[in-house]
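# Examining the three-dimensional arrangement
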Amino acid sequence: MRILSVVGARPQFVKLAPIAAALAAAGHEHVIVHTGQHYDPQLSEVFFTGLGIPRPDERLRAGSGGHGPQTGSMLAALDPVLIRRAPDWVLVYGDTNSTLAGALSAVKLHLPVAHLEAGLRSFNRRMPEEHNRVLTDHAADLLLAPTAEAVRNLEREGIGARTALVGDVMVDACLSARERARAGAAPEPPAPGIDARAPYLVATIHRADNTDQRERLAAIVDALAALPVPVALLAHPRLRARATQFGLELARGSVRVGDPLPYAQMVAAVTGSAGVVTDSGGLQKEAYILGRPCTTIRSETEWPETLADGWNVLVDVAGPEFTGAAFAGAVLRPAPPAPPGEPFGDGRAAARVVSELERAAR
Ligand code: UD1
């Protein structure tokens, strides 16, 4: 079979790594198309080199822009590539504008589309990712769901018949990075000014809802700065750009600002931390898998399984009930006594994805 993967943003490269390895092991032809949504080396290149992913076969250079222009430029560039490559499956990943563009282009060319990480819902229709998830799931022929909860969401929407529960390929990626980290040297500081041998927190903030209004972003940075433990804030370019635009200093109080980390270093940084503060979906799960308490700066999550036993808690930093003391108490709570479960699968999701693609192609 010829499988064509459409990827473009950081979390998709992480998901691509185990899929590329499993497709190669099964002897399938794999064409990798990079839309160019993420172009900074720290958000793109280092993931290909660090995770041993083959070089993209096609680069579309979509770049940044509003949702319409960005998605539209990907669509215009994807059509000729999909026609020329004529794959048996187009595989799209997660919930970014690259996901939606890949699904739309393929479905209109009558090419079979499979959606990896299908069925996640935040039920927040303000999120661009929620539009991308719902539209992609309803366009796709094969829905590869990571969790039982995702399967239930798809059944409720009347598309359960096209769904297969495969587990989460992020577990595959995370566990193999942890193995490599265990074999490696002493931990590196996750950001300048952090002592990796003393307690520290890992923080990331990049969602439009959190970064794009001055008041809200200021409240989040104030809350991080007032924490009694050093915070390694690994800054996405969008966070840096908005902070500069709003005249907000990120590096104050407890906050030490660092660059986004390559995947293996991120897994090592979380493993060595006292906890995680984030608005990323992937990092909520990585914290859970690696057994670190996570505090999520959002009012909902697509990964409700992480809330079990208090491994993850949701905090609205700009809400009326917020206090710095309560935030510090939440962020620095000890790890729950019961170990995290395995709602995301056993680390062998990529092999199941390949089996489902083979089965459904017949
Ligand atoms: C995208 C995804 C989000 C995912 C995130 C992972 C959508 C709608 N959102 O958000 O779901 O969690 O990727 O990081 O697809 N920028 C750079 N360099 C880059 C890329 C972006 O500086 O290489 C800056 C630009 O100012 C750009 C902004 O970041 O306008 C936002 O980038 P974009 O790809 O549109 O969305 P993300 O916030 O990265």
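Reading the values: the criteria
Residues numbered from 1 in each chain as written. Predicted model: local features only at pLDDT ≥ 70, side-chain atom pairs only at ≥ 80, totals over all residues. Heavy atoms only, no water. Helix = DSSP H or I, 4+ residues; strand = E, 2+ residues; numbered from the N terminus. Rg over C-alpha atoms; globule rule 2.2 N^0.38 Å. Buried < 20%, exposed > 50% of the residue type's maximum accessible area, 1.4 Å probe, protein only. Contact = heavy atoms within 4.5 Å. Areas by Shrake-Rupley, 256 points an atom, 1.4 Å probe, with all protein chains shown as cover. Lys, Arg positive; Asp, Glu negative; His and termini not counted. Charge placed at Lys NZ, Arg CZ, Asp CG, Glu CD. Expected span 1.5 Å × (residues − 1). Arc of directions from axis to C-beta. 1 Å grid on protein atoms, 1.4 Å probe; cavity = no way out; pocket = protein on both sides within 12 Å on 5 of 7 lines; lining within 4 Å. Points joined across faces, edges and corners; volume = space filled by probe spheres on them. Nonpolar A, V, L, I, M, F, W, Y, C, P; charged D, E, K, R; others polar. Domains from an automatic or database assignment. Buried area = accessible area lost by both parts, 1.4 Å probe. Salt bridge = Lys/Arg side-chain N within 4 Å of Asp/Glu carboxyl O. Polar contact = N/O pair within 3.5 Å; in protein donor to acceptor, adjacent residues only side chain to side chain. Phe/Tyr/Trp six-rings, centres within 6.5 Å; stacked < 30°, edge-to-face > 60°. Lys NZ or Arg CZ within 6 Å of the ring centre and 35° of its normal. Near = heavy atom within 4 Å. Pairing = 2+ DSSP bridges. Right-handed = clockwise from strand over helix to strand, strands pointing away. Core = buried A, V, L, I, M, F, W, Y, C linked by side-chain atoms within 4.5 Å.

So, about the overall build of the chain. Scanning the chain for helices and strands turns up 14 helices and 13 strands. Taking 362 residues into account, the globule formula puts the C-alpha radius of gyration at 21 Å, and the chain, at 20 Å, falls close to it. Principal-axis analysis of the C-alpha atoms places the extent of the chain at approximately 55 × 40 × 40 Å. A burial count over the chain gives 55% of its 362 residues as buried. Sequence separation of 24 or more characterises 69% of the internal contacts of the chain that already satisfy a separation of 6 or more. Taken as a whole, the chain presents about 14,600 Å² of accessible surface, with 55% of it coming from carbon and sulfur. Each charge class in the chain was averaged separately, 36 positive and 39 negative side chains, and the resulting centres sit 2 Å apart.

The terminal C-alpha atoms of helix α14 (residues 349-361) lie 18 Å apart, and with 13 residues this matches the ideal 18 Å at 1.5 Å per residue to within 8%. Those residues of α14 that sit buried are A349, A350, V353, V354, E356 and L357. Angular distribution of buried residues about the axis of α14 spans 160°; they occupy a single face of the element.

The tally for this structure, following the rule as stated, stands at one cavity of 30 Å³ or more. If you add up the space inside the largest cavity, you get close to 40 Å³. Lining the largest cavity are L116, E117, L144, P146, V166, G167, D168 and V169. Partitioned by chemical class, the residues of the lining of the largest cavity number five nonpolar, one polar and two charged.

We note that the domain assignment places domain 1 (2-168 + 345-361) and domain 2 (182-331) within the chain. Look at where the C-alpha atoms of domain 1 and domain 2 centre, and you get two points 26 Å apart. At the interface, 22 residues of domain 1 touch 17 residues of domain 2. For the pairing of domain 1 and domain 2, the buried interface totals around 1,600 Å² over both sides, and the portion due to carbon and sulfur atoms is 56%. When the buried surface of domain 1 facing domain 2 is broken down by residue, R10, Q42 and L120 rank first, second and third, together holding 23% of it. One can count five salt bridges joining domain 1 with domain 2. A salt bridge links D168 to K285; its shortest N-O distance comes to 2.6 Å. The tally of links between domain 1 and domain 2 comes to seven residue pairs in polar contact (both at pLDDT 80 or more). For the side of domain 1 that touches domain 2, the secondary structure elements donating two or more residues are α1 (10-25), α2 (45-50) and α5 (128-139).

With that settled, consider the packing of aromatic side chains. Ring pairs (aromatic) are described by centroid distance and by the angle formed between their planes. In the structure shown here, the tally under the stated rule is four aromatic pairs. Judged by centre distance (5.0 Å) and plane angle (55°), the ring pair of F13 and F48 falls under tilted. Of the two residues, F13 sits in helix α1 while F48 sits in helix α2, which places them 35 residues apart along the sequence. Ring plane angle 55° and centroid distance 5.6 Å describe the contact between F322 and F327, whose orientation is recorded as tilted. Classification of F327 as buried rests on a relative accessible area of 2%. Members of the aromatic cluster, joined through ring pairs, are Y288, W303 and F344. Between K285 and the ring centre of W303, over which it is positioned, the NZ or CZ distance is 3.7 Å.

In the vicinity of the ligand, 22 residues are found, and the nearest of them are H38, Y39, D40, E129 and R238. Here an oxygen atom of the ligand sits 2.7 Å away from a polar atom, N or O, in the side chain of H38. Contacts to the ligand include E129, whose side-chain N or O atom sits 2.7 Å from an oxygen atom. In the complex, the protein chains occlude 87% of the 740 Å² of accessible area that the ligand would expose alone. Take the shell around the ligand: its biggest share by element is three residues, from α5. The residue makeup of the shell around the ligand, split by class, is six nonpolar, 10 polar and six charged. Residues lining the shell around the ligand come from more than one domain, with at least three contributed by each of domain 1 (2-168 + 345-361) and domain 2 (182-331).

On to the pairing of strand β10 (residues 255-258). As paired elements, strand β9 (residues 231-234) and β10 share four bridges and run parallel to each other. Across the sheet, the residue bridging to V231 is V255, located in β10. Read from β9 through helix α10 (residues 237-246) to β10, the crossover connection turns out right-handed.

In this section: the nonpolar core. Formed by 81 residues in total, the largest nonpolar core has its most connected members in I19, L91 and Y263. When residues of this core are assigned to their parent elements, the largest contribution, seven residues, is made by α1. Built from parts of two domains, this core gets at least three residues from each of domain 1 (2-168 + 345-361) and domain 2 (182-331). Those residues in contact with I19 that sit more than four places away from it in its chain are L91, Y93, L116, V169, A350 and V353.

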